[in-house]
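# Structural overview
Residue strings, one per chain:
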Amino acid sequence: MSLALEIRGLSKSFGGLPATSDVSLAVQAGERRLIIGPNGAGKTTLFNLITGDLRADAGSIRLFGEEAVRLRTDQRVHLGLARTFQVITLFPRDSLAHNVVLSLLGLSTSRWNALRPLAARRDLYERAHAVLDTVGLAAAAERPLAQVSYGEKRRVEIAMALAQRPKLLLLDEPLAGLSKEERLTLQTLLAAIPRDITVVMIEHDMDTALSFAERITLLHYGKVIVEGSRAEVVAHPRTREVYLGA
Amino acid sequence: MNRSALFTLATAAAALAALPFVAGDYYINLASQILIAAVFALSLNLLVGYGGLTSLGHAAYMGVSAYLSGWLYLKLGLGHLIAAPLALAGTTLMAALFGLIALRASGISFLMITLALGQVLWGLAFRWVSVTNGDNGLSGLTRPMPFGIDLDGATAFYFFTLVISVASTACIAALAHSAFGAVLRGARDQPRRMLALGHNVWLVRYLTFVSAGFWAAVSGLLYVYYHKFIHPQALGLTNSAEVLLMVIAGGSGTLVGPVVGAAIVVLLKNYVSAFVERWTMLLGFVFLAIVLFMPDGLVPGLKRLWLRFYGRRA
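Bear in mind the structure is a predicted one, so any value in this text is a computation, not a measurement. (Residues numbered from 1 in each chain as written. Chains lettered and ligands numbered in written order. Predicted model: local features only at pLDDT ≥ 70, side-chain atom pairs only at ≥ 80, totals over all residues.)

### Section: the interface of chain B and chain A
This is how it is decided: By definition, residues are in contact whenever their C-beta atoms, placed on the basis of the backbone, come within 7 Å of each other. Only DSSP runs of H or I with at least four residues qualify as helices, and only runs of E with at least two residues qualify as strands; both kinds are numbered from the N terminus onward. Classification used: nonpolar for Ala, Val, Leu, Ile, Met, Phe, Trp, Tyr, Cys and Pro, charged for Asp, Glu, Lys and Arg, polar for all others including Gly.
Chain B puts 19 residues into the contact, and the matching count from chain A is 28 residues. Elements represented by at least two residues in the side of chain B that touches chain A include exactly α7 (154–177), α8 (179–189) and α9 (191–196) of chain B. Among the elements that line the side of chain B that touches chain A, the one with the most residues is α8(B), at six residues. Residues belonging to the side of chain B that touches chain A are distributed by class as follows: nine nonpolar, seven polar and three charged.

### Brief notes about the domain arrangement of chain A
All names here are of chain A. Going by this rule: The domain boundaries here were taken from an automatic or database domain assignment.
Examined at the domain level, chain A breaks down into domain 1 (1–80 + 167–246) and domain 2 (90–165). Using only C-alpha atoms to locate each centre, domain 1 and domain 2 end up separated by 26 Å. Contact residues are listed per partner, giving eleven residues for domain 1 and nine residues for domain 2. Broken down by secondary-structure element, the contributors of at least two residues to the side of domain 1 that touches domain 2 are α2 (73–79) and α6 (180–191). When residues of the side of domain 1 that touches domain 2 are assigned to their parent elements, the largest contribution, four residues, is made by α6. By residue class, the composition of the side of domain 1 that touches domain 2 is six nonpolar, four polar and one charged.

### Side note on helix α4 (residues 122–134) of chain A
Residues and elements named next belong to chain A. The condition is simple: Helix span, as expected, comes to 1.5 Å for every residue beyond the first. The burial label depends on the number of other C-beta atoms within 10 Å of a residue's C-beta. Counts of 20 or more mean buried, 12 or fewer mean exposed, and intermediate counts mean partly exposed, with C-beta atoms placed from the backbone. Each C-beta atom gives one direction from the helix axis, and the arc is the one those directions make.
For α4, with 13 residues, the first-to-last C-alpha span of 19 Å sits near the 18 Å given by 1.5 Å per residue. Along α4, the residues classified as buried are Leu124, Tyr125, Ala128, Val131 and Leu132. For α4, the angular spread of buried residues about the axis comes to 120°, placing them on one side. Exposed and oriented more than 90 degrees from the buried face of α4 are Arg122, Asp123 and Glu126. Buried residues in α4 make contact with α3 (96–106) and α5 (150–163).

### A word on the sheet that holds strand β6 (residues 81–83) of chain A
The strands making up a sheet associate through backbone hydrogen bonding, with each pair oriented either parallel or antiparallel. All names here are of chain A. Just so we agree on the cut-off: For two strands to be treated as a pair, DSSP must find no fewer than two bridges joining them. In this analysis an axis means a line fitted to C-alpha atoms, helices contributing only their contacting stretch, and an angle means the value between N-to-C directions, from 0 to 180 degrees.
Spatial ordering of the open sheet is given by β6-β7-β8-β3-β9-β10, a layout of six strands whose pairing is mixed. Sheet topology places β6 and β10 (223–229) at the edges, where each strand pairs with a single neighbour. Averaged over all neighbouring strand pairs, the angle between strand axes comes to 15°, with direction disregarded. Summarising the sheet, β6 and strand β7 (residues 168–172) pair through three bridges and their orientation is parallel. The partner of Ala82 across the bridge, within β7, is Leu169. Where helix α9 (residues 237–244) meets the sheet, it contacts β3 (32–36), β9 (215–220) and β10, and its direction lies at approximately 125° from that of β10.

Listed below in structure tokens is the structure:
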């Protein structure tokens, strides 16, 4: 099976403080990978390095076999990478459909069209409605994002990522701040993500995350300290020591 | 476009077309100045309102276009038909170069770079006497004669300005409502998210910067045709601050706002200054009142008030 993501010797320091130290990781295409670790372990930094939000000090990042460490964020997205953010970053004044349209435009050459009114692009809005339907938000498609609940915003984020039909999806704490009911909804949604999309997820809610993950990577002080199958990592003494507790 | 917007547009078009038949030359010239300032403000609005990039050097593009046109006409003896596109092309090229420098930063640093670049050109206009005539400016310029129509009269020039202004506004409106415009606003509000969606935020901003330079150049041509004279003051900081005031006071990020802002500033500058000696102080008070009571500008503020009033009655 081919690799969706291959990281070798990735390092990043802020001043003298190493946030990611010599991280190596290989994620198979179609895999569900969970990244865990205590606060400050470097999980989000690792995501930011993969997406290109941060420039690596050293190391290599290969996306679908292509070296991406020198590529800009938007170029990596065009290779098939999509992500959600730990803190929701959407467009609150716009409708849910418009938020998804911005996502659809990201991979479309029509984003450079400065003459044709966007409102006339019925095809884009129909696709946006269809994508929102997959996350159960079709009825709210024309509502301003500011008027929907936090859990619905999380679903919009995922809809925006899925709208791009990515090959690799990075989910940064998608369940953070959600109620029990919202978690269940999102859990169902995550389980329904097609298998041709590789998913790498950071999550602290271990009950949900463990049921989702096939393989787990434990980060501590920016280093990979345990990696393996769900059972292997959970049973590993280092996991209990630094993350799960006794 | 809904019915009320169409009605407003038709009324505005009729009023603009009828103005020369009901007003004297003074008011017609005043209207021409407002139209020129409106194009200038709309060009800056692309950067400030839609792009979230506040520039304090935008007069540079207006001034350079005016200087280029005047210089090509006076020194090289080129006709307006050739001088105008050359001035537009030269200024747009300069915007393309300045954009590479200015867009290395954003926020306050962007503002400072644009201010510095504008001041460099202002200094050049003052000191490069062999080209610009220094503090004396370039005088002895003429207005073009499109299709043999003499534009020396106030009415003819007003209609010429009106046609160019309407065409410029239509193009800027098209950009604002297009996919590119939506991406530009997205890059203003959430640049990191837009990158994560595959948008090249830098390129979007750069193209907008160049486009803003082009439309400022168009207003520069109208400016030099109107005044038949160009002075270093045209590309100075005061002019850059004034156009920024127009955009902010009227309502940045809206199409009508900068036009209203342009009208306020031009009317205060030309009309009120005839009666009030310290008109700049009055301008300051007007700006202060707008910022205090309608921080997002006059047009969005009045719209909100109207909706509140209308909503209560409905």
